[in-house]
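Residue-level structural notes
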Amino acid sequence: MQIMLISDVPDPPGKPLLMGFTSRSVNLSWAPSFDTHHSPVVNYIIHTRVGENGEWDTYNGIATLDNKTNYYVDKLQPFTVYSFRILAVNSIGTSQPGKESYYMVTLRE
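Residues numbered from 1 in each chain as written. Predicted model: local features only at pLDDT ≥ 70, side-chain atom pairs only at ≥ 80, totals over all residues. Heavy atoms only, no water.

Under an unreviewed UniProt entry, the chain has the name Fibronectin type-III domain-containing protein and belongs to Medioppia subpectinata.

This is the structure in structure tokens:
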């Protein structure tokens, strides 16, 4: 009897936590994918949304350089509402988006 290992895209990663922020940046941290389906995560993609009812910016996703589960996002606008979500990438493809972060407001300058 042979056991087949099926490879697939990873499960979505955890909800990003806001570990600290300034007027133009935020430090995000998240839990890795629960199951990578026999293909390790190589990096993550961060989607940003401006405002509570804005569209997710899926065209300008921030691709991390490795599979670390934290990232420093900069080039944000001061005194602006943001939320974030994370997608995991392996050799098969990209996961569904994970749960979105809580809303945050960058500081005034």
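1. Details of the packing of aromatic side chains
Note the cut-off: Ring pairs shown here join Phe, Tyr and Trp side chains whose ring centres sit within 6.5 Å, with only the six-membered ring taken for Trp; geometry is labelled stacked below 30 degrees between planes, edge-to-face above 60, and tilted in between. Secondary structure elements follow DSSP: runs of H or I no shorter than four residues count as helices, runs of E no shorter than two count as strands, and numbering proceeds from the N terminus. Burial status follows relative accessibility: with a 1.4 Å probe on protein chains alone, a residue under 20% of its type maximum counts as buried, one over 50% as exposed, and anything between as partly exposed. As a reminder, the over-ring test applies to NZ of lysine and CZ of arginine, requiring each to be within 6 Å of the ring centre and within 35 degrees of the ring normal.
In this structure the tally under the stated criterion is two aromatic pairs. On the numbers, 5.3 Å between centres and 75° between planes, the contact of Trp30 with Tyr44 is edge-to-face. Taken together, the positions of Trp30 in the loop between β2 (26-29) and β3 (43-50) and Tyr44 in strand β3 put the pair 14 residues apart, joining distant regions of the chain. With respect to burial, Trp30 and Tyr44 carry one shared label: buried. Ring centres 6.1 Å apart and planes at 15° place the aromatic pair Tyr82 and Phe84 in the stacked group. Directly above the aromatic system of Tyr102 lies the positively charged group of Lys15, at a separation of 3.9 Å from the ring centroid. The cationic tip of Arg108 hangs over the ring face of Phe79; the distance from NZ or CZ to the ring centre is 3.8 Å.

2. Considering the pairing of strand β4 (residues 56-63)
Along any regular strand, the residues point their side chains to alternate faces of the sheet. Convention followed: Two strands form a pair only when DSSP identifies at least two bridges running between them.
Pairing of β3 with β4, which is carried by four bridges, proceeds in the antiparallel orientation. Paired with Ile46 across the bridge in β4 is Ile62.

3. Topic: the sheet that holds strand β5 (residues 70-73)
This is how the line gets drawn: For every element, the axis is a line fit to its C-alpha atoms; helices are fit only across the contacting stretch, and the angle between N-to-C directions ranges from 0 to 180 degrees.
The strand order across the open sheet built from three strands is β1-β2-β5, with neighbouring strands paired in antiparallel fashion. Of all the strands in the sheet, just β1 (17-21) and β5 have a single pairing partner and so form its edges. Going from strand to strand, the sheet's axes swing by 20° on average, the running direction of each strand aside. In this sheet, β2 lies alongside β1 in antiparallel orientation, the contact comprising four bridges. Bridging across to β2, Leu17 finds its partner in Ser29.

4. A word on the sheet that holds β3
Pairing is antiparallel in the open sheet, where four strands are placed in the order β4-β3-β6-β7. Edge positions in the open sheet fall to β4 and β7 (104-105), since each of these has one partner strand only.

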